[in-house]
Protein chains: 2
Amino acid sequence: LSRRTRQADPAELVDRVLAGDRRAAARLISMVEAGAAQVQAAGFGFASQGPVLRAAVELLAPRSGAAAVLGVTGAPGVGKSTLCDRLVAAERAAGRTVGVLAVDPSSPLTGGALLGDRVRMQAHALDPGVFIRSMATRGRLGGLAWATPQAVRVLDAAGCELVVVETAGVGQTEVEIAGQADTTVVVLAPGLGDAVQVAKAGLLEVADVLVVNKADRDGAARLVRDLKEMLALGNTGGWRVPVLTTVAERGDGVAELGGALAAHRAHLEADGRAVLRRRRLARAAGEVRELAVAALRAGLAEPAAGAELTALAERVVAGELGPYAAADQLLGRRAAAPLG
Amino acid sequence: LSRRTRQADPAELVDRVLAGDRRAAARLISMVEAGAAQVQAAGFGFASQGPVLRAAVELLAPRSGAAAVLGVTGAPGVGKSTLCDRLVAAERAAGRTVGVLAVDPSSPLTGGALLGDRVRMQAHALDPGVFIRSMATRGRLGGLAWATPQAVRVLDAAGCELVVVETAGVGQTEVEIAGQADTTVVVLAPGLGDAVQVAKAGLLEVADVLVVNKADRDGAARLVRDLKEMLALGNTGGWRVPVLTTVAERGDGVAELGGALAAHRAHLEADGRAVLRRRRLARAAGEVRELAVAALRAGLAEPAAGAELTALAERVVAGELGPYAAADQLLGRRAAAPLG
């Protein structure tokens, strides 16, 4: 605990991350996580390590951007984690270093993310080429969009050639985060949502590769057929989204999935360069936007802004001003340009 | 569905809400809920009903503020809902109209909030003096702080003398929301978190009344004793926080709880007027702040801001600029006043 709370030197921390020091990377991601917890808590300001985190991320920024980023998303229970573990093993067999960021909307009471860490670590614990980190969102998904790009940046700078971002495909935020990867895999399983539900959740839009896992179960062939039909309706641009089947627990189909991912990577580095560029821009833009929104939120908790906010709130309580008009005034907007 | 998507006339909707029309109130709260879902989804702009909602809330603002607001929070499983139902029944027996806003961090897949509605509605379905509404957060707690004050405003304007805001006491946001009520009840139960955990979760700070529910279970007396000891350590100001025991399922202790709530109300209207005023200001300030933050977020998705954001993101991707510095620039801040 004392190591955590002691104020770190950002330059030293960054040097260690760039040298591939796992503990330094873990410490920086912990700061990202602590920052994310504060982002949603308006009025509480930033985490105590905020300035260190800021300085470290700024120092890392020009030294990151080399990693390939893979998003993996899908409903709980489809077997994303098992599939990710198999993919990690395949990448390691090919000699590549891998970072996994598992964004887990776990119960704040059960600490599911920690359990996930333990289970995963068993397979890869002794392998220095794998860095696995769960980020528990603890009911604060608002911080997820803030935290993920920064955490990816840390793993990237730490030398991971591939960074896997695994999110539960249950909310718009998670789907968007997975969709901001270079390549996004959407995982389904028979009996856990049909093709129409997947389309409604916005998962088809972000998928570069569709995987029907647990393909030994009833309904797999039907799910594959439905997905192919739905894909045929949409315009998939220069890349044809494949629908693969896996049984991740047995390793079936994992090699084919690896092949599809390599093919998409090759596409991004040839005809799809504009796509890759657009996605990297979207990721950076999302990172900047979330930092700006969080800064505004924190700024409104500062004494000066707080006084203005209190004065406006007094007028709202008195019924002299509506809350939207008060927000306009707080942002210095004229009534002529309403927020609504 | 067609009724929902048809653009409403805000003035007509507000007139109906002020006349106590439940369907109009429900429709306006649905708009709040839709808005909340969009708030977290940066880049998606506001809900299509956003301008109608804005106009309606602004019209309602000077016509609301009469309701007493009661926050009820506590961990899942302590029996908050049952206790709320008992309190509603007692309020109804005393002739007061009640609105209940159950903010339910339910699984996005199971739709727990809807189930909750159904169970609750059975008891009060035929009573026009009760309006019960669950707001499903669907994994998007970010919208909760945005939605709740507006939804409370609607119920208040619709004539509810008491508005009960029930939140799961599992995250900072929920605890804060419950804590912004005029009176906040924190519910515990033996075996579901001890006094230290309750203190750590920030629940003691917001409690005006502590309730140990399921008090017929082992450990209730110990929990009461521990809570009383912890309360003795803190400075509780002019109001002494009572620790009550209930068995909500049987109705035991509910009359005493009602008495404590009435006593706190009387305190707020006498010696505690400054407290009441501070809490109402905090509620209005929170409402305004969340509207401002959401507006900034939506603004960053607009074409003009989007172009600036994209230009900054390009420099971040190129490694010329760190993401925090880019956020500074986006907000028009000088490097001399960093965000961190």
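Quick caveat: nothing in here was measured; it's all calculated off a predicted structure.

1. Regarding the environment of L53 of chain A
- Looking at the element boundaries, L53 of chain A is found in helix α4 (residues 50-60).
- Remark: the alpha-carbon pair of L53 of chain A and G35 of chain A, spanning 18 residues in sequence, is separated by 8.4 Å.
- Excluding anything up to four places from it in sequence, L53 of chain A contacts L28, M31, V32, W146 and Q150 of chain A together with Y324 of chain B.

2. Description of the pattern of salt bridges
Residue and element names in this part refer to chain A.
- All told, the structure shown has 34 salt bridges over all chains when counted by the stated rule.
- With a closest N to O distance of 3.4 Å, D216 and R250 form a salt bridge. Here the residue D216 occupies a position in the loop between β6 (209-212) and α11 (220-233), and R250 occupies one in the loop between β7 (243-245) and α12 (254-269), the gap between them amounting to 34 residues.
- What makes D216 partly exposed here is its relative accessible area of 49%.

3. A word on the packing of helix α2 (residues 10-18) of chain A against α4 of chain A
Residue and element names in this part refer to chain A.
- Here α2 crosses α4 at 45°, and the two axes come no closer than 9 Å. With respect to α4, the axis of α2 lies oblique. In terms of crossing hand, the pair formed by α2 and α4 is right-handed. Contact residues: P10, A11, V14, V17 and L18 in α2; V52, A55, A56, L59 and L60 in α4.
- Looking at the contact of α2 with α4 residue by residue, the class counts come to 10 nonpolar, no polar and no charged.

4. Some words on α4 of chain A
- Summarising burial for α4 of chain A: 8 of the 11 residues are buried, a large majority.
- Restricting attention to buried positions, one finds in α4 of chain A the residues G50, V52, L53, R54, A56, V57, E58 and L60 of chain A.

5. Description of the packing of helix α7 (residues 144-157) of chain B against helix α13 (residues 273-299) of chain B
Residues and elements named next belong to chain B.
- Here α7 crosses α13 at 130°, and the two axes come no closer than 8 Å. Classed by the angle they form, the pair α7 and α13 counts as oblique. Considering the relative orientation of α7 and α13, their crossing is left-handed. The residues of α13 that touch α7, namely those facing A145, W146, P149, Q150 and R153, are R283, E287, E290, L291 and A294.
- Looking at the contact of α7 with α13, its residues break down into 5 nonpolar, 1 polar and 4 charged.

6. Re unusual backbone geometry
- A positive phi angle, near 55°, is found at K214 of chain A, a position not held by glycine.
- Residue K214 of chain A is classed as partly exposed on the basis of its relative accessible area, which comes to 22%.

7. Details of the side chain of S64 of chain A
All names here are of chain A.
- Note on placement: S64 falls in the loop between α4 and β1 (68-74).
- We classify S64 as buried; its relative accessible area is 13%.
- Here A61 takes part through its backbone oxygen, which lies 3.2 Å from a polar atom of the side chain of S64.
- Of note is the side chain of S64, whose polar atom sits 3.0 Å from the side chain of R153.

8. Topic: the environment of N213 of chain A
Residues and elements named next belong to chain A.
- Within the element layout of this structure, N213 appears in the loop between β6 and α11.
- Owing to a relative accessible area of 2%, N213 belongs among the buried residues under this scheme.
- It is 23 Å that separates the C-alpha atoms of N213 and A94, two residues lying 119 residues apart in sequence.
- When near neighbours in sequence (up to four residues on either side) are disregarded, N213 contacts V78, G79, V187, L188, A189, P190, T246, V247 and A248.
- In this structure the side chain of N213 is engaged in a polar contact, spanning 2.9 Å, whose partner is the backbone oxygen of V78.

Rules used throughout
- Residues numbered from 1 in each chain as written.
- Chains lettered and ligands numbered in written order.
- Predicted model: local features only at pLDDT ≥ 70, side-chain atom pairs only at ≥ 80, totals over all residues.
- Heavy atoms only, no water.
- Helix = DSSP H or I, 4+ residues; strand = E, 2+ residues; numbered from the N terminus.
- Contact = heavy atoms within 4.5 Å.
- Salt bridge = Lys/Arg side-chain N within 4 Å of Asp/Glu carboxyl O.
- Buried < 20%, exposed > 50% of the residue type's maximum accessible area, 1.4 Å probe, protein only.
- Axes fitted to C-alpha atoms, helices over the stretch in contact; angles between N-to-C directions.
- Parallel < 35°, antiparallel > 145°, perpendicular 65-115°, else oblique.
- Left-handed = near helix turned anticlockwise from the far one by under 90°.
- Nonpolar A, V, L, I, M, F, W, Y, C, P; charged D, E, K, R; others polar.
- Polar contact = N/O pair within 3.5 Å; in protein donor to acceptor, adjacent residues only side chain to side chain.

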